[in-house]
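Coordinate analysis (summary)
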Amino acid sequence: MRYVSVKEIRIYNGWHPIGEIRQTLKKVGETFFQTPHAPLVDADYDGSIIDDVKVYLDGEPIEPESVDPDTGLLSIYPPPAGDTQIEASYFWHPFGDGDIELAVEAAEGLVEALTGVVYVPHRRVERCPLKRGNVIILSEPVISIESVKIFDSMGNLLDDGVEAEVVDGPAGTIRLKKLLDGPRPPWYLPQTAEAEIIYRAGFSEVPAAVKQAVLALASYNLLTRLQQKISFSTDYGGAVAAVFTSHEIEKRLILLKTQAEKMLNSLPRRVERV
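Report on the accompanying structure.

About the criteria used
- Residues numbered from 1 in each chain as written.
- Predicted model: local features only at pLDDT ≥ 70, side-chain atom pairs only at ≥ 80, totals over all residues.
- Heavy atoms only, no water.
- Salt bridge = Lys/Arg side-chain N within 4 Å of Asp/Glu carboxyl O.
- Helix = DSSP H or I, 4+ residues; strand = E, 2+ residues; numbered from the N terminus.
- Buried < 20%, exposed > 50% of the residue type's maximum accessible area, 1.4 Å probe, protein only.
- Pairing = 2+ DSSP bridges.
- Arc of directions from axis to C-beta.
- Axes fitted to C-alpha atoms, helices over the stretch in contact; angles between N-to-C directions.

Focus on the pattern of salt bridges
According to the stated counting rule, one finds ten salt bridges in the structure shown. Note that Asp-97 and Arg-10 form a salt bridge whose closest N and O atoms lie 2.8 Å from each other. Taken together, the residues Asp-97 in helix α2 (residues 97-115) and Arg-10 in helix α1 (residues 6-13) connect sequence positions 87 residues apart. Among the residues examined, Asp-97 registers a relative accessible area of 11% and is labelled buried. A relative accessible area of 0% places Arg-10 in the buried class. Glu-196 is the partner of Arg-127 in a salt bridge, and the nearest nitrogen-oxygen pair spans 3.5 Å. With Arg-127 in strand β9 (residues 122-129) and Glu-196 in strand β15 (residues 193-201), this residue pair connects regions lying 69 residues apart in the sequence. When its relative accessible area of 35% is taken as the criterion, Arg-127 is described as partly exposed.

Next comes the structure, spelled out in structure tokens:
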């Protein structure tokens, strides 16, 4: 997840974790017990779910050995006595954190494929033929330039200390401050030199339009899958009826589809350098 977090998806849609207090657990093994609702979610968004689950044995709090967020299975060790009252307080939601992460990553990949841009900062090494003039257009947006080296057609290093400046970062345009010495061949002959540019590509901050596109697209995909699950599973539909109604889902899907299409169509497409 590079552009949008689980927390941002939940806030964007109002899909806040649902808290349950002191619910009785179902015994499914000697040391395994299951919550009435699943998947369990990370309510405080600290990257850990186990600290969001509180288990009680006859009213006394204990720490569970393990938590499976997808199934709601808790492991308790040592095994409690058969007559022990076992309860748990936890947070859950029809959309698990793992489901959201997968949807966001898919949406981010689609946005990058459509626009031809990786928006998070990353290191890029690129070689470009030197043409007349000192302006070079790189294949990705430029945050900063690390180094520029000049090589001849045989791969021999000619200059490893060329200075350059960013002219237009989002467009990937830079300008060399020092041109290669010596004559250049006519335009109709092959170039004899090329520049190797090592630079920090992407954007210092993810553009707002990109975030909005990922939010809308990931949310739409999540709701579509939920609608399918409810349609094919009576048990699953009953479990989420208190959170979503069919009318609400359909209404939200129409809105998200419109938003996603609008945002995706508004994102600029990069044209590859010839």
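What to know about the sheet that holds strand β7 (residues 73-75)
With respect to topology, four strands assemble into an open sheet ordered β2-β3-β7-β6, the strand pairing being antiparallel. The sheet terminates laterally at β2 (26-27) and β6 (66-68), the two strands that pair on one side only. Direction of pairing for strand β3 (residues 32-34) relative to β7: antiparallel, over a ladder of three bridges. Bridge pairing links Gln-34 to Leu-73 in β7.

Concerning α1
By the burial criterion, the buried members of α1 are Val-6, Ile-9, Arg-10 and Asn-13. Here the buried residues of α1 occupy an arc of 95° about the axis, which is enough to place them on one side.

Observations concerning the sheet that holds strand β4 (residues 54-57)
In spatial order, the strands read β1-β8-β4-β5; together these four strands make up an open sheet with antiparallel pairing. Looking along the sheet, the strands with just one partner apiece sit at the ends: β1 (18-24) and β5 (60-62). The average angle at which neighbouring strand axes cross in this sheet is 25°, direction not considered. Both β4 and strand β8 (residues 86-92) contribute to a ladder of four bridges, which runs antiparallel. Paired with Leu-57 across the strands is Ile-86, a residue of β8.

Nothing here speaks to function; it is all geometry.
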